[in-house]
Amino acid sequence: MKIIVADSSDLIRTGLIQLIRTASTLEAEELEFFEADSLERLLSLVERIPADMCFVESYMVEDDMTAHMIELVRNNNMTHWVIMAEKPAKLVLQFVKEHSNFSIFLKKSCREEIQSCIRMAVRHEQFICNECLRLIYENENEQNKSGIITPAECVVLALLAQGVKVKDIAILQNRSKHTIRTHKRDIFAKLGVSTTVEAIMTAYKLGLIKPPETR
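All figures in this text were calculated on a predicted structure; none of them were measured in a lab.

The subject of this paragraph is the side chain of Thr-79. Turning to its location among the elements, Thr-79 is positioned in the loop between α3 (65–75) and β4 (80–85). A polar contact is formed between the side chain of Thr-79 and the backbone oxygen of Ala-51, at a distance of 2.7 Å. Filtering out sequence-adjacent residues up to four positions away, Thr-79 remains in contact with Ala-51, Asp-52, Met-53, Cys-54 and Asn-101.

Right, let's get into the environment of Val-156. Here Val-156 is to be found in helix α7 (residues 151–161). Sequence separation between Val-156 and Ala-170 is 14 residues, and the spatial gap between their C-alpha atoms is 9.2 Å. The contact partners of Val-156, leaving out residues within four places of it in the chain, are Ile-169, Ile-180, His-183 and Ile-187.

With that out of the way, let us pick up the nonpolar core. Among the nonpolar cores identified, the biggest contains 49 residues, and Leu-42, Phe-55, Ile-104, Phe-105 and Ile-118 are the most heavily contacted of them. Beyond its immediate sequence surroundings of up to four residues, Ile-118 is in contact with Leu-16, Leu-19, Ile-20, Ala-23, Ser-24, Met-53 and Phe-55. Of all hydrophobic cores here, the second largest spans 18 residues; its members include Ile-169, Ile-187, Leu-191 and Leu-208.

So, about the sheet that holds strand β5 (residues 102–106). A sheet is described by the order of its strands in space; here 5 strands give the open sequence β2-β1-β3-β4-β5, paired in parallel fashion. Whereas interior strands pair on both sides, the edge strands pair on one side only; in this sheet they are β2 (32–36) and β5. Taken pair by pair, the neighbouring strands of this sheet meet at an average axis angle of 15°, ignoring direction. Strand direction decides the pairing type here: β4 and β5, joined by 5 bridges, are parallel.

This next bit is on the pattern of salt bridges. The tally for this structure, following the rule as stated, stands at 8 salt bridges. Between Lys-2 and Glu-32 there is a salt bridge whose closest N-O contact spans 2.9 Å. Here Glu-32 lies in strand β2 and Lys-2 lies in strand β1 (residues 2–6), a separation of 30 residues in the sequence. Linking Asp-7 and Lys-107 is a salt bridge whose minimum nitrogen-to-oxygen distance equals 2.8 Å. With Asp-7 in the loop between β1 and α1 (10–23) and Lys-107 in the loop between β5 and α5 (111–122), this pair connects stretches of sequence that are 100 residues apart.

Every buried residue of helix α10 (residues 196–206) is accounted for by Ala-199, Ile-200 and Ala-203. One side of α10 carries all its buried residues, which in axial view fall inside an arc of 95°. Of the exposed residues in α10, the ones pointing more than 90 degrees away from its buried face are Val-197 and Lys-205. Buried residues in α10 make contact with α7 and α9 (177–191).

Bringing the pairing of strand β3 (residues 53–57) into the picture now. With respect to burial, β3 is a largely interior element, 5 of its 5 residues being buried. Taking every second residue as pointing to the same face, both faces of β3 are buried, with Met-53, Phe-55 and Glu-57 on one and Cys-54 and Val-56 on the other. Looking at chain direction, β3 and β4 are connected through 5 bridges and run parallel. Bridge pairing in β4 places Cys-54 opposite Trp-81.

Between helix α8 (residues 166–173) and α9, the shortest axis-to-axis distance is 8 Å and the interhelical angle comes to 110°. Judged by the inter-axis angle, α8 sits roughly perpendicular to α9. Classified by chirality, the crossing of α9 by α8 is right-handed. Between α8, through Val-166, Lys-167, Ile-169, Ala-170 and Gln-173, and α9, the contact on the second element is made entirely by Lys-177, Ile-180, Arg-181 and Lys-184. Its residues assigned to classes, the contact of α8 with α9 comprises 4 nonpolar, 1 polar and 4 charged.

Calculation criteria
Residues numbered from 1 in each chain as written. Predicted model: local features only at pLDDT ≥ 70, side-chain atom pairs only at ≥ 80, totals over all residues. Heavy atoms only, no water. Helix = DSSP H or I, 4+ residues; strand = E, 2+ residues; numbered from the N terminus. Polar contact = N/O pair within 3.5 Å; in protein donor to acceptor, adjacent residues only side chain to side chain. Contact = heavy atoms within 4.5 Å. Core = buried A, V, L, I, M, F, W, Y, C linked by side-chain atoms within 4.5 Å. Buried < 20%, exposed > 50% of the residue type's maximum accessible area, 1.4 Å probe, protein only. Pairing = 2+ DSSP bridges. Axes fitted to C-alpha atoms, helices over the stretch in contact; angles between N-to-C directions. Salt bridge = Lys/Arg side-chain N within 4 Å of Asp/Glu carboxyl O. Arc of directions from axis to C-beta. Parallel < 35°, antiparallel > 145°, perpendicular 65-115°, else oblique. Left-handed = near helix turned anticlockwise from the far one by under 90°. Nonpolar A, V, L, I, M, F, W, Y, C, P; charged D, E, K, R; others polar.

Shown next as structure tokens:
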């Protein structure tokens, strides 16, 4: 089994290789390791080596996650990728969630959790550590809240919260009063309310708009 370990720290690469040797249950002669201390070195290895697993420090790819991961996967789509993160960016978590050949654990994860990740990666099964799962669910909840109403409706709601009347919103938005009333009606329906005050208070609770700052 060919395994690439990509991390900027020599110490982390050495420790992870030792952990892989003990956790994978494979014989030592079955494992062949290749190390990378930069993204450039990683890409070079991926182009040349049909790796079974690739452990990658998240900082190497998260600045341009989509472009880098597409390039890595295209070069070797049989590899199971394991992201090692300090504090994973939302884009990294979203990418892992959507691609079953990617796993993730935090560098601060306990030894048992990292070992579980290694064993599942050997079988090409996805592993997402508990903390990353929590962060993924939090991100999804935020997206769900912000997706309740459209951006246009959110603007109308924010203006209503400021006390702006429908006719004045229409002027500000360069829209007809009918369009603004339609937005208002749709907002009420989506939030399950029947008055402007109820809509505003519900929007505050859901975090759809920010309440006015108290002085």
